[in-house]
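Here are the chains, one letter per residue:
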Amino acid sequence: MSNPLFAELIARRYGASTPEVLREFADTANPVLETLLDHKSVRQFKKEPLAAGTVELLATAAQSAASSSNLQAWSVVALQNEEHKAAAATLCGNQQFIRDAPLFMVFIADLARLYWICEHEKQPTEGLEFFEMFLVAALDAALAAQNMAVASEGLGLGICYAGAARNHPRELADLLKLPSHSIALFGMAIGHPQDDLKTTAKPRLPQSGLLHYETYSSEQWPTEIEAYNQTMAEFYESQQMNAHQSWSQSSAKRVCRKESLSGRDVLRQILEERGFGLR
Ligand SMILES: Cc1cc2nc3c(=O)[nH]c(=O)nc-3n(C[C@H](O)[C@H](O)[C@H](O)COP(=O)(O)O)c2cc1C
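Residues numbered from 1 in each chain as written. Predicted model: local features only at pLDDT ≥ 70, side-chain atom pairs only at ≥ 80, totals over all residues. Heavy atoms only, no water.

Before going further, it helps to spend a moment on helix H8 (residues 169-176). Taken together, the buried positions of H8 are occupied by Pro169, Leu172, Ala173 and Leu176. Angular distribution of buried residues about the axis of H8 spans 100°; they occupy a single face of the element. Buried positions along H8 lie against strand S1 (74-79), helix H4 (82-91), strand S2 (103-110), strand S4 (182-191) and helix H11 (267-273). The first or second residue beyond H8 is lysine 177, which carries a positive phi of 55°. (Buried < 20%, exposed > 50% of the residue type's maximum accessible area, 1.4 Å probe, protein only. Helix = DSSP H or I, 4+ residues; strand = E, 2+ residues; numbered from the N terminus. Arc of directions from axis to C-beta. Contact = heavy atoms within 4.5 Å.)

Next up, the structure:
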């Protein structure tokens, strides 16, 4: 018997561009895949608090992610106190969903522990001064965060990332009392989604636009991107959202100027201020 939910979840991601071969999996019944395929950012939360132990359970899921050389060069700060969370929300793009969510997790690229360990082990810290180590910390944090996102959604909670945590990194570091050699990368609001949410999963680029076999090819970009602009226009219409621009127009606008970066153009300088070597 086919599993209509799974086939529908796949179709929602790609619309008309759904790869034919995925029909093979229409009968799949797998809660992990269903959770992954059904992801959508949630920005409307109930006032309802999270069950006791949820923060620790989510941290366990996050810590279960792979980690480069098992260095675990990340940390997370859980904000639940209303005033503290509101102060963070103000710094993170003044986004209301951060205030409304019962939990706001701030993910940290954290080399502070490794500096301490080198000192403790009476070793130099030269290797920590390279850009590679910032990248290791950022990758570890992102993998841990995505594990937390999937775990949250598996528990029936909703999440929304907040890259706006990089809009005022100095002030956010002060608020969270972050040590030198650490920086907030992004936040994640977590809570019970409001009951009447009508949002469905947002379509993604045609798979052929980013899945390459053996070698990379950009030949089909014009047709793939045009097809995606069309799919997204239909998606926004179905969600009764007014999109004044196509996906490619708004994407270009998001990256075209220094000003488009919401103050994050100074991030490299702030990383250096916070003790990251970036050699
Ligand atoms: C690292 C990261 C930062 C994000 N920052 C924000 C943010 O500050 N505010 C917001 O409303 N959404 C934010 N998002 C959510 C994206 O807008 C969203 O994931 C994207 O539009 C795709 O929609 P979906 O998550 O519903 O599939 C962020 C997502 C990621 C991965």
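Glancing now at the nonpolar core. Counting 37 residues, the largest nonpolar core has Leu111, Phe134, Ile183, Met188 and Ile190 as its most contacted members. Secondary structure elements with two or more residues in this core: helix H3 (54-63), S2, helix H6 (112-120), helix H7 (131-154), S4 and H11. For this core, the leading source of residues is H7, giving ten residues. Not counting chain neighbours up to four residues away, the residues in contact with methionine 188 comprise Leu103, Phe104, Met105, Phe107, Ala145, Met148, Ala149, Ile159, Cys160 and Tyr161. Residues Val42, Ala88, Cys92 and Ala101 belong to the second largest nonpolar core, which totals 23 residues. (Core = buried A, V, L, I, M, F, W, Y, C linked by side-chain atoms within 4.5 Å.)

On to the pattern of salt bridges, then. Applying the stated criterion to the full structure yields twelve salt bridges. Linking arginine 12 and aspartate 38 is a salt bridge whose minimum nitrogen-to-oxygen distance equals 3.7 Å. Here the residue arginine 12 occupies a position in helix H1 (residues 4-14), and aspartate 38 occupies one in the loop between helix H2 (31-37) and H3, the gap between them amounting to 26 residues. Judged by relative accessible area, arginine 12 falls into the partly exposed class, the value being 28%. Residue classification places aspartate 38 among the partly exposed residues on the basis of a relative accessible area of 29%. The closest approach of N and O atoms between glutamate 82 and lysine 85, which form a salt bridge, is 3.5 Å. With glutamate 82 and lysine 85 both in helix H4 and three residues apart, this pair spans about one turn of that helix. For lysine 85, a relative accessible area of 0% translates into the label buried. When salt bridges with common partners are traced through the structure, they connect Glu8, Arg12, Asp38 and Lys40 into a single cluster. (Salt bridge = Lys/Arg side-chain N within 4 Å of Asp/Glu carboxyl O.)

The subject of this paragraph is H6. The set of residues buried in H6 consists of Ala112, Leu114, Tyr115 and Cys118. Along the axis of H6, the buried positions cluster into a sector of 165°, meaning they face one direction only. Considering only its buried residues, H6 is in contact with S2 and H7. Directly after H6, the chain includes lysine 122, whose backbone phi takes a positive value near 55°.

This part takes up the packing of aromatic side chains. Under the criterion given, the structure shown has eight aromatic pairs. Measuring from ring centre to ring centre gives 5.4 Å for phenylalanine 107 and phenylalanine 186, while their planes differ by 25°; the resulting arrangement is stacked. Pair noted here: phenylalanine 107 is in strand S2 and phenylalanine 186 is in strand S4, with a separation of 79 residues, a long-range link. Of the two residues, phenylalanine 107 and phenylalanine 186, neither departs from the other in class, the shared state being buried. On the basis of an interplanar angle of 75° and a centroid distance of 4.9 Å, the ring pair of tyrosine 228 and tryptophan 247 is categorised as edge-to-face. Of this pair, tyrosine 228 sits in helix H9 (residues 221-238) while tryptophan 247 sits in helix H10 (residues 247-255), and the two are 19 residues apart along the sequence. When its relative accessible area of 5% is taken as the criterion, tyrosine 228 is described as buried. Residue classification places tryptophan 247 among the partly exposed positions, given a relative accessible area of 29%. (Phe/Tyr/Trp six-rings, centres within 6.5 Å; stacked < 30°, edge-to-face > 60°.)

Taken together, the side chains of Val32, Leu33 and Leu36 present a nonpolar region at the surface, about 240 Å² in accessible area. Structurally, leucine 36 can be placed in helix H2. For leucine 36, a relative accessible area of 39% puts it in the partly exposed group. (Patch = residues over 30% accessible without salt bridge, like charges linked within 9 Å, V, L, I, M, F, W, Y side chains within 5 Å. Areas by Shrake-Rupley, 256 points an atom, 1.4 Å probe, with all protein chains shown as cover.)

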